[in-house]
Structure formats: structure tokens, C-alpha cells
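Results of the structural survey
These are the residues of each chain, in order.
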Amino acid sequence: MTAVGDAASTADRWGHHTSHFGSFRGRADGDRLQVRPHECDPEPYDLIDNIASGVRHEARVTRPHVRRGWLERGAQSKDLRGRDEFVAVDWDVALDLLAGELRRVYGEFGAAGVFGGSYGWSSAGRFHHAQTQVHRFLNSLGGYVRSVNTYSSGASEVLMPHVAGSHDAVIKQINSWEDLAEHTELLVSFGGVASKNGAVNPGGITSHVQNGWLRKMASNGCRFVLVGPLRDDLLDEIEADWLTPLPGSDLALMIGLAGELVLQDLVDRDFVDRYCSGFAEFEDYLSGSTDGTAKDARWASKICRIEESDIRSLAHAMGTSATMITCSYSLQRIRHGEQMPWMALILAAMTGGIGRPGRGYAHGLGAMGGNGKREAVVPFPSFPQGVNECSDFIPVARIADMLLAPGADYEYNGEVRTYPDVKLVYWAGGNPFHHHQNLFRLQEAFRKPDTVVVHESAWTSTARHADIVLPATMSVERSDIGAARNDSHLMPMQQLIAPYGEARDDFDIFADLAGRLGTAATYTGGRTSDEWVRAMYEHWLGRMSDADMTAPDFESFWQDGPFEMVLRPIRRTLEEFVSDPVANKLNTRSGKIEIVSEVIREFDYDDCPPHPTWTAPVEWLGGRRAESFPIHLIANQPDGKLHSQLDFGSASTRHKRNGREVVRMHPADAAPRSLADGDLVRVWNDRGSCFATVEVTERVMRSVARLPTGAWFDPQVVGGLGTVCVHGNPNVLTADTGTSRLAQACTGQHVLVEITKWEDPVPPVQVHRPPTP
Ligand code: PGD
């Protein structure tokens, strides 16, 4: 058996490993890591190149660092956070300082003074999962203020329990790819089924199969309609029809389609009567009897600028063929983002497709690689987090509001809550200076607490805004087990190379801190990390045996490689509900699918009415703001990396041009701005500016640009402009506003901007170099 954690014994062979973006094999050649796609993966993605090229990059954090001002003047120097220099210190010095500060904050303010939400994807591996580690550590000290929901689908996560009984009902418990390939005649995808998103799965993705399934659907005769501004959001080969409503107006298009289903007498009335509540009221809204405006193709066409005839014929096709409707997560990352996934659910109900194979609704199909796949009969366990004694939480995207306005009230999902007064922020495994909106505002917010602590493997912008930065290993520098609920294999993640510099595993860092704070036994549970990895496997083995299934012992698993999980079809609550709506009623107030939600009506939110209702967004081309900022920027997920991870790696840099992120725009928008492919441009609005390199292409619709997220925020002063991001992070432009008072979720996907040519000198990107020489 190869010992867990023994780098030397794996150096001469290609070890197994996995990541959120694919499985691979790797081996160390001296201080170089070589990787190659795993033989389990039929269609690997090149993102794994970022790992090999990133593991010894100068952007790695090699030693513990403390911000000079914090070292000398503590919290009094917090205004310098993000622009101060760092001092490298020994591990003992860093841990003694940090233990002292944790003792002070917990002693004076209790758990409500510590924010440990620590949102982020970190890396695959069930044991060395950074968020779980930080949560368990803070729980051992008494707890922490947590965050709820995700940046990915935060609006749906709050809405769907009210209207569909649960979020999983429309996201995880959807039709399998097998069902889609066999039964679906028409797939209408609002926001697409993007290959780059389906290539990623939290916990690991052993093989990439999404494109293969899309091809199979096409060869079986399925027609695809891509509704969205970016042609890349659905595989070229399947030759989809491409409809391009004004971004942010999909809701109007969906409502217009619903109106047409009524006018063309294609509503499955039996379905809406039996399985839904509130259709009569909604029909009044569609007919205009409540507000004097009929919502039909003509009405929708004026708002979304799609031909009336196209809307009518699409409604007809949806009402007369086996139709699957999908709505990407991106559609709900906008103000009033709750409305689109809700309306897509209603459309599916009106066609009567819900609960039938190949029909109905699959929210987020292709948003992550696990959606639409079968699930493990015996899932692999997580590392236990312990109990959080603190009841305070925030909706995840309200981090800046919390830090800027402690004690202020806000509304969320029917409650009035109060922001806690946080003194210490602890982050491991996330990069808020990539993922949050309005980063200049986030800078202000991060200057409020007394202390910010970050564990990172690289000098991300978040690490640069911390006081104490502790170097964490990358997953290839430690041993773990990769598993996701809907992945095909359990994957040994064998250590492939020694830790870089003085980097340590999060677990070992926390164990030493817990030792200083008197909670070592609670935190470590008396085990080392290798013992935990083995114990978690053996625990799972026991549960397999209880279920009359066999799997190899730990030594054999570690030696022989990936274990093929026993999978079963996902339980589908909507299908069960349709088969017996009395015995299997939904967990909504009416027990049915809620076209009108009485619960939401009682909340009385002007920004989230009791049924989907068209309200023009602020950030869209049809409104006044577009007179100043006439380009609608889509800030979506990048192609060359996962979020901001390993932005300095070779796959990521291949997608940049002249070292900056690429902003795509249509030739008809480039020409009047005298922009040619490859020009340096300033992308700007009243919140900020960033520089990027322009790519001119017809693969984005007119008046739209696409600048993906993930380029590390690199704020530098540029003459005449003040501080701008010279690298191309779109979150200097986005609004830090919640979707609505219901979900308070991230609205970062859509923002209005102007794009202009820039011919003066701009400083080079510095952020991939360490802040201290
Ligand atoms: P990542 O880049 O994955 O971004 O935001 P998220 O914060 O998850 O950050 C993970 C960090 O963890 C990396 O910096 C990595 O180095 C670090 N890390 C990895 N492994 C370890 C480890 O073992 N230990 C430690 N200590 N650190 C580790 C993603 C978020 O961005 C998401 S999910 C979405 S969907 C949002 N999408 C948008 C959007 O559509 N538009 C905009 N404008 N903004 C968004 N932001 C959101």
C-alpha cells in the first residue's frame, strides 16, 4: 500500500487525483508536476493544465505573512488593509499572534464577533475541504456568524421551497440525460446549457459526459432553442435555433409565451387545476383583466425585441411537443432574479410536462456536472463540522452590507434581521475579492473589522486584503478522497508532490491553533489527517456493508484507484407528486406547485410579488440607465479556470490576451467605437473601471459584451481615472444589491457599461506576483 501522505513513494508513478473540473493522473518530476487526463474521462477539459503550471508558480504563498500595520498597531491600522506591505514570519509567531487575537475577540465579543461564513469552492477532497475545516475549528471555540445560500443559485434556493416544495425538486431531482435523450422533442433553454459549466462539479467530476448527451439528443431528433445573448452557451454542433431577447427581459418573453399558450388553447388545464394553485389569478394577469395589459406575443415582443411570430411559433411548439424547459442559474443572478426560474416552472406546468419523462422543468441543467446524473446509493461522508452555538447568519451575498452597517436591520425571506457587529473575519477556501460585487465597496467593508485572517495557497486579492495570511497546500500536495453525490467514481486523491515552501494543510494549521486555545481534542478528534481519511473511508465501507454492498478495503482502494460507485436514479418528488398529489403532496402551503404564493403575498414585498410579474430591471438596455451606459455586460463564469482559481495557470492565461482578460463584443458595437480585435479597452460605469482586451465576434448579440469573472482584482492608480482594475475583473462594475427582499441573493451577472478604446499607457498586471519581493 502507498502510505497516505507519502510523496516520495508516489513520485515515480502516475498517481490518481481529481478536481472540481476533472479527474487526472499526475507525478512529480523533480520539482515539476506533470499531469495527464485520467483514463476514466472521455472528454477531458484543459483546466487541469492550471494545476501543473500553477503548483510552483511565484503567485503561491510560501510563508506565513502578517500585514505590517497590524503587526505594529493592530486594529488601529485597519484603514491600510489592502494597501499595506506584508512581513514574512515564522509559523510559531503567526500562530501565537492569531491565537491571541482569537482569544481576545471570543473573550470580548463572543461567537457573534467572528464571521466564519468563508464562502467559496476551495478544492475537491472530502476531508481537506477548507470551509468544513474552518467551520469545525470555529465551532470548537464556540461558533461563528455563518452565511446561508450560495452565489450560484441563491435566489432559487429561497424561492423554490415556497413554490415547488424544495430547491432540489427542480435542480437535482430532474430528468436524467437518458430520459432527455429518449423522450425530449424540444429543449428550450433560457440561458443555455453551457459546456464550460457542466464541466465542473463540486467535489469532483470523474468523466465529462454532458456534450456526449447533447449530441445524442440531437441525433435522436431533438430540436434545441437557445434563448440568450451568448452563442457559446449551447454546443455549436447541435445547431440550436438562437433567440436573443434583450438581456434581463427573459421574464417578459416567458410571460408572453404563457399568454400565447392561453390564446392558442394549449394550456393543459387538467394539470394546472389538479397540480397547481393560483392559475386563475395568474390567467387574469396574462389576459390583462387585472392591469389592463394583455401579456401576449405582441406585448412581449416590444419588451424583449423578439419577433412576435417567433414567440407565437415557439409557444405552439412548446404546447404540442414533448418539451423540456431549462433555466440557467445565470438568469437569477440579476435584480428580481427569483422571477425567472419561477416563471419557467409555471411554463412547464402550463404545458403539463412536469412529472413526465423528458418533459417539464430542469432548472440549471448543465449548470454543474452533477445535475441530471444518477446519485450514489451510499454517498461518501463529509468531515463532521461540529455544532455552531451561534445563531447569527447572513444571506451570503450581504457580506459588505454586514461589515459596513453592523446593527442595521434588513429583510430576508419573511424576517426582519439585524446585522451582527463582526470584529474578526476568517476565510479559507474562497475569494470574495473575486466573487463579490462592487469590489471597491467591498474594500471599504473589509477595512471595518479589527482583523482579517485568510488561509490561501496563492496571493489572491482576498489574501492581499488580510492581516494574517497562512499558506495552505494545494490538493495535489496532500492525500484525500474525492467524491460527489452524483459522480460516477470514488477517487483516491494521492499526494503527487511535496508542499510548496512552508505551506501546510488547513487541518494541521487549525490543529496547532486549537492546541494553543485548548480545543485540540475537540478539533482533531484525536486523529491525524491521514487517520481521518482512512476513518472516513472505513465509515463509508461500514455503511456499504449495511446496505449489502461491497467495496475494497482501504489499502486496495488506495492501490487500485477509482472505485465505481453504485448509483441509483434520483428520487423525483415532482414525479411522485404528479403520480399521487394527495399522498405525495408538495412541501408548499397549498401542497401543490404554487403559481401564486400566498406566503410571499403575506411578506408584502414590492420587489417580489406573489406571482411572476414583469418589472423592468435597472441594469438593462430598455431603461434610462442605458442612455449613459449602452452596453449590457454579461459577467459569467470563465472558460479557462474555475471561478478565479489558479488564474495564473497556463490554461487561464491562454484565455487572456496581452495579459488581460478578454471582453467580447459584436462588430456592430465595435465599429462606432473604432475598436479592432486585440485593442486595449476601458470597460466602465459609475461604479468603477477595468481594462481588458477586446475580441470582436458575432458570437455575442448586438449591444452586449461578455467579460467573464475570475481575473484577480488588480487595483492600480491610472492617471486621470483614479484606482481601476488593470486586469479585467467585472466585479468592479457590478451592483452590490440583493435580488429582492425575499432572497437577498447575488445580482452580479448583469451590468450596464460603456466600452472605450484606451491608448494611453496602463501599468502591467501585478497581481500574479507576490506582494513582497
Ligand atoms: P474560487 O475562485 O473558486 O471562487 O467564488 P469562489 O470564492 O468560490 O475561490 C476558491 C479559493 O479557494 C481559491 O482562491 C483557491 O485558491 C482557494 N483554495 C482552494 N483549495 C484550498 C484549500 O484547500 N485551502 C485553502 N485555504 N484555500 C483553498 C465563486 C462564486 O463567484 C460563484 S460559485 C458564483 S456562481 C458567482 N458567480 C458570479 C457571476 O456570475 N457574476 C459575477 N459578477 N460574480 C460572480 N461571483 C460568484
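The rules behind these values
- Residues numbered from 1 in each chain as written.
- Predicted model: local features only at pLDDT ≥ 70, side-chain atom pairs only at ≥ 80, totals over all residues.
- Heavy atoms only, no water.
- UniProt positions renumbered as here; feature names shortened; annotations may be inferred.
- Helix = DSSP H or I, 4+ residues; strand = E, 2+ residues; numbered from the N terminus.
- Polar contact = N/O pair within 3.5 Å; in protein donor to acceptor, adjacent residues only side chain to side chain.
- Contact = heavy atoms within 4.5 Å.
- 1 Å grid on protein atoms, 1.4 Å probe; cavity = no way out; pocket = protein on both sides within 12 Å on 5 of 7 lines; lining within 4 Å.
- Points joined across faces, edges and corners; volume = space filled by probe spheres on them.
- Nonpolar A, V, L, I, M, F, W, Y, C, P; charged D, E, K, R; others polar.
- Near = heavy atom within 4 Å.
- Areas by Shrake-Rupley, 256 points an atom, 1.4 Å probe, with all protein chains shown as cover.

Per an unreviewed UniProt entry, the protein is named Molybdopterin-dependent oxidoreductase, and its organism is Rhodococcus sovatensis. Comment text from UniProt for the protein, heading Cofactor (unreviewed entry), reads "Mo-bis(molybdopterin guanine dinucleotide)". Under the UniProt heading Sequence similarities (unreviewed entry), the note attached to the protein is "Belongs to the prokaryotic molybdopterin-containing oxidoreductase family."

Structurally, Ser-156 is set in helix H6 (residues 154–164). At 2.7 Å, the side chain of Ser-156 and the side chain of His-363 are in polar contact. Setting aside anything within four residues of it in sequence, one finds Ser-156 in contact with Pro-161, His-167, Gln-332, Pro-341 and His-363.

What follows deals with empty space enclosed by the protein. Counted by the stated rule, this structure contains four cavities of 30 Å³ or more. The calculated volume of the largest cavity comes to roughly 100 Å³. For the largest cavity, the full set of lining residues is Ala-169, Gln-173, Ile-174, Asn-175, Ile-354, Gly-355, Arg-359, Gly-360, Tyr-361, Arg-572, Leu-574 and Glu-575. Here the residues of the lining of the largest cavity are counted per class, giving five nonpolar, four polar and three charged. Of the voids in this model, the second largest cavity is the one considered here, and its volume is about 90 Å³. In terms of lining residues, the second largest cavity is bounded by 14 residues, among which Gly-198, His-208, Val-209, Gln-210 and Asn-211 are the most central. Elements represented by at least two residues in the lining of the second largest cavity include exactly helix H9 (195–198) and helix H10 (210–219). A per-class count over the lining of the second largest cavity returns five nonpolar, seven polar and two charged.

Moving on, we come to the site of the ligand. The ligand sits among 35 residues. The nearest are Arg-333, His-435, Glu-456, Asp-506 and Ser-644. Between a nitrogen atom of the ligand and a side-chain N or O atom of Asp-506, the distance comes to 2.7 Å. About the coverage of the ligand: the protein hides 97% of its 920 Å² of free accessible area. Where the shell around the ligand is concerned, the elements lending two or more residues are helix H18 (432–435) and strand S19 (451–456). Looking at the shell around the ligand residue by residue, the classes come out as eight nonpolar, 23 polar and four charged.

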